[in-house]
Amino acid sequence: MTSKTEEALGYEQARDELVEVVRRLEAGGTSLEESLALWERGEELAKVCRRWLEGARARLDAALAEEGEEKEEEGEKRGDQGSVKSL
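Examining the pattern of salt bridges
Line of reasoning, step 1. One pass over the structure, following the stated rule, counts five salt bridges.
Line of reasoning, step 2. Its salt-bridge partner being Arg15, residue Asp16 comes within 3.1 Å of it at the nearest N-O pair.
Line of reasoning, step 3. Look at Asp16 and you get partly exposed, because its relative accessible area is 46%.
Line of reasoning, step 4. Here Arg15 falls in the partly exposed class, since its relative accessible area comes to 34%.

Set out below in structure tokens:
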């Protein structure tokens with residue numbers, strides 16, 4: 001389940017915070033408890049980023065499909081006109 005904070009995060013905000021979490025984990029020097037908390041936060045942020053990217057991909061796929069359908073319809077119209085001209 002997502003929290004209100006996660007839902008309010010934009011992609012760039014979540015990504016930037018995730019980069020900071022990774023930096024802190026890689027630097028070391030944190031207690032086991034702090035490291036686990038950072039890891040869990042990183043997992044949450046990664047999910048937020050993934051949802052944003054999946055949503056963007058779905059929108060892009062829908063737009064490309066719509067464009068393909070429009071081009072197909074235009075081709076069919078041109079094809080119909082071409083057959084009329086050949087009569």
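Quick word on a negative patch on the surface
Line of reasoning, step 1. A grouping of Glu66, Glu69, Glu70, Glu72, Glu73 and Glu76 is seen on the molecular surface, where their side chains present a negatively charged patch.
Line of reasoning, step 2. Within the secondary structure, Glu73 sits in helix α3 (residues 32-86).

Notes on helix α2 (residues 11-27)
Line of reasoning, step 1. Here α2 is 17 residues long and its end C-alpha atoms lie 24 Å apart, about the 24 Å a rise of 1.5 Å per residue gives.
Line of reasoning, step 2. Following α2 by one or two positions, Gly28 adopts a phi angle in the positive range, close to 75°.

Remarks on the nonpolar core
Line of reasoning, step 1. With seven residues, the main nonpolar core is built from Leu9, Ala14, Val21, Leu38, Leu45, Val48 and Cys49.
Line of reasoning, step 2. Secondary structure elements with two or more residues in this core: α2 and α3.
Line of reasoning, step 3. Broken down by element, the residue count for this core peaks at four residues, all from α3.
Line of reasoning, step 4. What Val21 contacts, discounting residues up to four positions off in sequence, is Leu38, Arg41, Gly42 and Leu45.

Criteria and thresholds
Residues numbered from 1 in each chain as written. Predicted model: local features only at pLDDT ≥ 70, side-chain atom pairs only at ≥ 80, totals over all residues. Heavy atoms only, no water. Salt bridge = Lys/Arg side-chain N within 4 Å of Asp/Glu carboxyl O. Buried < 20%, exposed > 50% of the residue type's maximum accessible area, 1.4 Å probe, protein only. Patch = residues over 30% accessible without salt bridge, like charges linked within 9 Å, V, L, I, M, F, W, Y side chains within 5 Å. Areas by Shrake-Rupley, 256 points an atom, 1.4 Å probe, with all protein chains shown as cover. Lys, Arg positive; Asp, Glu negative; His and termini not counted. Charge placed at Lys NZ, Arg CZ, Asp CG, Glu CD. Helix = DSSP H or I, 4+ residues; strand = E, 2+ residues; numbered from the N terminus. Expected span 1.5 Å × (residues − 1). Core = buried A, V, L, I, M, F, W, Y, C linked by side-chain atoms within 4.5 Å. Contact = heavy atoms within 4.5 Å.

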